[in-house]
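Results of the structural survey
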Amino acid sequence: SQSYVPRTLEMRLESDHTDILQYYIGLILIGFAIIFPYMSMRKWRTDLEPPALHRYVPPWWFSIFQVTSAVGNVGFSLVDQSMIPFSEAYPLIFSMGLLVAAGNTHFPIFLRFMVWTIYKLAPQNSRLKETLHFLLDHPRRCFIYLFPSYETWCLAAVLLILNLTDFFFFLVLDIGNAVIDAIPVGVRFAIGFLQAFCVRTAGFQVVPLSGIAPGVQVLFVIMMYISACELFSFRFFVIIYFEPAEG
């Protein structure tokens, strides 16, 4: 009979599947817990009832659909005008912006931050801490979208520049635009935040695109073509280093 060879930490991590499903389910549940109580308020329920919609949409169904659509970056909504009626629903706007980011282009950043947080909270000398330490040191051996620390910071910097570019030009190029000037300044900053995250991947509309400045429309088209290419660029350029086998 063959002798038993104990599985090393590296062998365990390479053979076990990374349960990313729990990550996405967690995002959906957290988003739902924030959005559903807020959308149940009478102020927003009127936007889910006739004559605003063809038929009544329950707040719980709207919330779970909207959250799932944001995490999946599909841009679907049960409301014909997408996010336009909810331009002053700040918890909804900021939650959906973060869900859009965590579900797609910012996924490696959020994932590494989650692993790092659990690693810091894990008991010393525990198996969990040892496993997470290996995962942080050798991320690409375990999951293709988990990058080393330096590359993760670089990806965060690139995405920050792209999002700030969208946000800045959305506010500046629309100065003097009657459609945007009619929106209060505080609301304008909030919808600019969500629009910056949604324009490249999700597709939610917070303002009518026909009403924004032509320069902003051109910028949005360019950003749509860029889409998630920076994420895939980091995925292909990060080197997977394997140490030679011992023995």
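Each remark here, short or long, concerns the structure printed above.
Summarised in this report is the structure supplied together with it. All values derive from a computational prediction rather than experimental measurement. (Residues numbered from 1 in each chain as written. Predicted model: local features only at pLDDT ≥ 70, side-chain atom pairs only at ≥ 80, totals over all residues. Heavy atoms only, no water.)

**Focus on the side chain of H106**
Basically, it comes down to this: Here a strand is any run of E in DSSP of at least two residues, a helix any run of H or I of at least four, and the numbering for each starts at the N terminus. N or O atoms within 3.5 Å of each other form a polar contact, as long as, within protein, one can give a hydrogen and the other can take it, and as long as residues adjacent in sequence are counted only when both atoms are side-chain atoms.
Here H106 lies in the loop between α5 (90–103) and α6 (107–121). For H106, the side chain forms a polar contact with the side chain of T105, separated by 3.0 Å.

**Section: the environment of V199**
For the record, the criterion: For every residue, the accessible area (1.4 Å probe, protein chains only) is compared with the maximum for its type, and the residue is labelled buried under 20%, exposed over 50%, or partly exposed between those bounds.
Inspection of the secondary structure puts V199 in the loop between α10 (185–198) and α11 (214–226). For V199, a relative accessible area of 7% corresponds to the buried category. Separated by 33 residues in the primary sequence, V199 and D166 place their C-alpha atoms 8.4 Å from one another.

**Section: the packing of helix α4 (residues 59–72) against α5**
Threshold: Helix axes are fitted to C-alpha atoms over the stretch in contact, other axes to C-alpha atoms as well, and angles between N-to-C directions run from 0 to 180 degrees. Our angle categories are set so that under 35 degrees counts as roughly parallel, over 145 as roughly antiparallel, 65 to 115 as roughly perpendicular, and the remainder as oblique. Two residues form a contact once any of their heavy atoms are found within 4.5 Å. Side-chain classes follow a simple rule in which Ala, Val, Leu, Ile, Met, Phe, Trp, Tyr, Cys and Pro form the nonpolar group, Asp, Glu, Lys and Arg form the charged group, and the remainder, Gly included, forms the polar group.
Between α4 and α5, whose axes approach to 6 Å, the crossing angle comes to 40°. Taken together, α4 and α5 sit at an angle that is classed as oblique. Where α4 abuts α5, its residues Q66, V67, A70 and V71 lie against M96, L99, V100 and G103. Per-class residue counts for the contact of α4 with α5 are six nonpolar, two polar and no charged.

**Re the packing of aromatic side chains**
Rule in force here: The rule is short: rings of Phe, Tyr and Trp, with Trp giving its six-membered ring, pair when the centres are within 6.5 Å, and they are stacked under 30 degrees, edge-to-face over 60, tilted in between. A ring has a charge above it when a Lys NZ or an Arg CZ is no more than 6 Å from the ring centre and no more than 35 degrees off the ring normal.
With the rule as written, the count across this model stands at 15 aromatic pairs. A connected cluster of aromatic rings, assembled from ring pairs, spans Y23, Y24, F107 and Y145. Sitting over the face of the ring of Y119, K129 holds its NZ or CZ atom 4.2 Å from the ring centroid.

**Some remarks on the pattern of salt bridges**
The test is simple: A pair is scored as a salt bridge if a Lys or Arg side-chain nitrogen falls within 4 Å of a carboxyl oxygen belonging to Asp or Glu.
Tallied over the full model, the rule gives two salt bridges. Measuring nitrogen to oxygen at the nearest pair gives 3.1 Å for the salt bridge that ties E49 to R42. By relative accessible area, R42 is classed as exposed at 52%.

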